[in-house]
Amino acid sequence: MKGNDYYPNTYSAILPNSKYVHEHLIHKLNAAWVVGYYVKHFDQFSHLLDDAAKNVMQIRIQSVGNYPVGARRSPGAHTQYFSGYSLLMKSFYPRKYAFNLLIAGAFLVIYVIGMVNSFRKRDSRDMMKFFLVLGLLTIVVVLPITTIISYGTYNLSRNMFPVAISLNLLLVLLIADAVNYRLWGSAVQRDQQEVKTQK
């Protein structure tokens, strides 16, 4: 390759800050153009969403180590303390955006039923819980789309960190509601009866 032109014969070399690049690329490049491109090429957009889903549970950045320079560890070495859950989720969590949509649908069904039951029993606490779940699910569903449109595939593990936090909070909320028999908003009557007996 020494002595040969870097660019193929079908392409001409253009300076990135030239007037031609500014007129024909940079001024046309905006969010509406990117959205239009992904609408026309939806297969490519779905592949990028799957790439984002692969990085949802990638909480630990692999290119950066955990030890300082004088710690007598190899560069980029990682600690193993308190990382079992992260390794488990990274290994077994499905790497498809469609799975995130499936989880969002399941949570919506569960908590809509709980909200309706709570509305019938006039319990505002469990009705507000539905809006908490809706907000967290909005992060899970919308953030990968906005990240792909805004940044492309640049640093996906960092940009998907709020999705991982939201999914983990939803899991904790689901387990807490199941353990306390509040999953369908069904423990309200028992709580009211306990309050009446304490009086």
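Keep in mind that this is a model prediction, so the values were computed, not measured.

Caption draft 1: Broad picture of helix H3 (residues 42-54). For H3, with 13 residues, the first-to-last C-alpha span of 18 Å sits near the 18 Å given by 1.5 Å per residue. Restricting attention to buried positions, one finds in H3 the residues Phe45, Leu48, Leu49, Asp50, Ala52 and Ala53. On its buried face, H3 sits against helix H2 (31-40), helix H5 (97-120), helix H6 (124-151) and helix H7 (156-159).

Caption draft 2: Spotlight on the nonpolar core. With 31 residues, the main nonpolar core has Tyr111, Ile148 and Leu167 as its most contacted residues. For this core, the elements supplying multiple residues, two or more each, are H2, H3, H5, H6 and helix H8 (161-179). Excluding anything up to four places from it in sequence, Leu167 contacts Val56, Met57, Tyr93, Asn100, Ile103 and Val140.

Caption draft 3: Fine view of H6. For H6, built from 28 residues, the straight-helix expectation of 40 Å at 1.5 Å per residue is met to within 8% by its first-to-last C-alpha distance of 39 Å. Val142 marks the point of greatest bend in H6, at about 40°, and the proline Pro144 comes within the next four residues. A positive phi of about 75° marks Gly152, the residue just after H6.

What counts and what doesn't
- Per chain, the residues get numbers from 1 upward, laid out in the order the sequence is written.
- Whole-chain, interface and lining totals are the exception, using all residues; otherwise, since this is a predicted model, local features are given only for residues with pLDDT of at least 70 and side-chain atom pairs are given and counted only at 80 or more.
- Computation of side-chain values covers all heavy atoms of the structure but excludes hydrogens and water.
- Put simply, DSSP marks the helices as runs of H or I at least four residues long and the strands as runs of E at least two long, and each gets a number from the N terminus on.
- A helix is expected to span 1.5 Å for every residue after the first.
- When a residue's accessible area, from a 1.4 Å probe over protein chains only, is under 20% of the maximum for its type it is buried; when over 50% it is exposed; and in between it is partly exposed.
- We call two residues contacting when some pair of their heavy atoms lies within 4.5 Å.
- Among the buried residues, those of types Ala, Val, Leu, Ile, Met, Phe, Trp, Tyr and Cys that are joined through side-chain atoms within 4.5 Å form a nonpolar core.
- The reported bend at a residue is simply the angle between two axes, fitted to the 7 residues ending at it and to the 7 residues beginning with it.

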